[in-house]
Amino acid sequence: MESSKNNLLCSVIIPMYNAEKFIADTLNSVLNQSVKDIEILCIDDCSSDNTVNIVKEFQSKDKRIILVENEKNLKVSQTRNLGVQTAKSDWIALLDSDDMWESNFLEEVIKKKNETNSQLISSSCKFITDDGTKLSKQFIVKEKITYKDILKQNLILCSSVFIKKELLLKYPFKEDSLHEDYLCWLTILKEIKFSYAVTEPLMIYRLTKGSKSRNKLKSIKMSYYTYRKHGLNILKSLYYTFCNGINGLKKYRNMSKG
């Protein structure tokens, strides 16, 4: 596999805020990767719980873990951006503090990157509940994702993204009041035209209570304003919000315990 500078295949960026309940599971999923030449940037956004102490305990056992503590609360977009700016590798893997990866996730996305020469790779996902219960529903995306595809549904899941660092430096995350990751992918795909995905569900998405994706009405409103921020007119924004809403219902419908 092609290494980045400093012999790192990628920098894993994990933004954290009051993540004590899940961060151990998340970190274990990264440490268990078949790919070992990585750095793991845990960026804490002024947590008031035990998140930092848990990370420090992991850090004492594995020097690949780097803890960065924000001096003030920056919210998730700026916290991710700080991770990108701090990263030593030319390639970034994004992971939220409540999600996880299968042990071959990095191996497969790097393989897909090398096969396709794409600057943006993602994967399909499987779902678990707050308490870690596996659900039978999976979200399977197609291998090649175009700008036109992503307008109708966010097919690029943030915790499955493997991306060239220079893209995130050019198009940083912003607008926490919107779907900040979706806005970022829309902007990037408008330039690079398409991305690739590993169709196997190698990312494990945790459906936490109160998340943006679980609050459907709030998510629909945020989708509309995401399209408006992206530069679409009112009619196109309404049309794609409708498409996104229908596809979102299909994504989460009929979930049952596996």
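Analysis parameters
- Residues numbered from 1 in each chain as written.
- Predicted model: local features only at pLDDT ≥ 70, side-chain atom pairs only at ≥ 80, totals over all residues.
- Heavy atoms only, no water.
- Helix = DSSP H or I, 4+ residues; strand = E, 2+ residues; numbered from the N terminus.
- Rg over C-alpha atoms; globule rule 2.2 N^0.38 Å.
- Buried < 20%, exposed > 50% of the residue type's maximum accessible area, 1.4 Å probe, protein only.
- Contact = heavy atoms within 4.5 Å.
- Areas by Shrake-Rupley, 256 points an atom, 1.4 Å probe, with all protein chains shown as cover.
- Pairing = 2+ DSSP bridges.
- Salt bridge = Lys/Arg side-chain N within 4 Å of Asp/Glu carboxyl O.
- Patch = residues over 30% accessible without salt bridge, like charges linked within 9 Å, V, L, I, M, F, W, Y side chains within 5 Å.
- Axes fitted to C-alpha atoms, helices over the stretch in contact; angles between N-to-C directions.
- Parallel < 35°, antiparallel > 145°, perpendicular 65-115°, else oblique.
- Left-handed = near helix turned anticlockwise from the far one by under 90°.
- Nonpolar A, V, L, I, M, F, W, Y, C, P; charged D, E, K, R; others polar.
- Expected span 1.5 Å × (residues − 1).

Caption draft 1: Representation of the overall build of the protein. For the protein, the count of helices and strands is nine helices and ten strands. A compact globule built from 258 residues should have a C-alpha radius of gyration of about 18 Å, and the protein, at 17 Å, falls within 12% of that. Each principal axis of the C-alpha atoms in the protein carries an extent, and together these give about 55 × 40 × 40 Å. For the protein, the proportion of its 258 residues judged to be buried stands at 55%. Considering only contacts within the protein whose residues lie at least 6 apart along the sequence, 80% involve residues at least 24 apart. Total accessible area on the protein stands at roughly 12100 Å², and carbon and sulfur atoms take up 49% of it.

Caption draft 2: How the structure looks around the environment of K144. Mapped onto the elements of the fold, K144 is located in strand β8 (residues 144-146). Accessibility expressed as a relative area gives 38% for K144, which makes it partly exposed. Spatially, the C-alpha atoms of K144 and I121 are 9.5 Å apart, while their sequence positions differ by 23 residues. Beyond its immediate sequence surroundings of up to four residues, K144 is in contact with D149, F194, S195 and Y196.

Caption draft 3: The pairing of strand β7 (residues 134-139), seen in detail. In terms of strand pairing, strand β6 (residues 120-129) meets β7 through three bridges, oriented antiparallel. The residue bridging K126 from the neighbouring strand is Q138, located in β7. The turn linking β6 back onto β7 is made up of four residues, and G132 within it adopts a positive phi angle of 90°.

Caption draft 4: How the structure looks around the pattern of salt bridges. The final tally for this structure, using the stated rule, is eleven salt bridges. The salt bridge partner of D25 is R206, with a shortest N-O separation of 3.5 Å. Of the two residues, D25 sits in helix α1 (residues 23-31) while R206 sits in strand β10 (residues 194-207), which places them 181 residues apart along the sequence. Between E102 and K126 there is a salt bridge whose closest N-O contact spans 2.9 Å.

Caption draft 5: Looking closely at a nonpolar patch on the surface. Taken together, the side chains of I234, L235 and L238 present a nonpolar region at the surface, about 320 Å² in accessible area. You can see L235 is positioned in helix α9 (residues 234-252). Among the residues examined, L235 registers a relative accessible area of 68% and is labelled exposed.

Caption draft 6: View of the packing of α1 against helix α2 (residues 51-61). Where α1 contacts α2, the axes come no closer than 10 Å and their chain directions differ by 25°. Comparing the axis directions of α1 and α2 gives the class roughly parallel. The crossing of α1 and α2 is right-handed. Along its contact with α1, which presents I23, A24, L27, N28 and L31, the element α2 presents I54, V55 and F58. Each residue belonging to the contact of α1 with α2 can be placed in one class, and the counts come to seven nonpolar, one polar and no charged.

Caption draft 7: A look at helix α4 (residues 105-116). For α4, with twelve residues, the first-to-last C-alpha span of 17 Å sits near the 16 Å given by 1.5 Å per residue. For α4, the complete set of buried residues consists of F105, L106, E108, V109, I110, K112 and K113. Positive phi shows up at N117, right after α4, with a value of about 60°.

Caption draft 8: A look at the packing of helix α7 (residues 180-192) against helix α8 (residues 216-230). At a minimum axis separation of 10 Å, α7 and α8 run at an interaxial angle of 35°. Relative to α8, the crossing made by α7 is right-handed. In this structure, α7 contributes Y182, L183, L186, T187 and K190 to the contact, and α8 contributes T226, Y227, K229 and H230.

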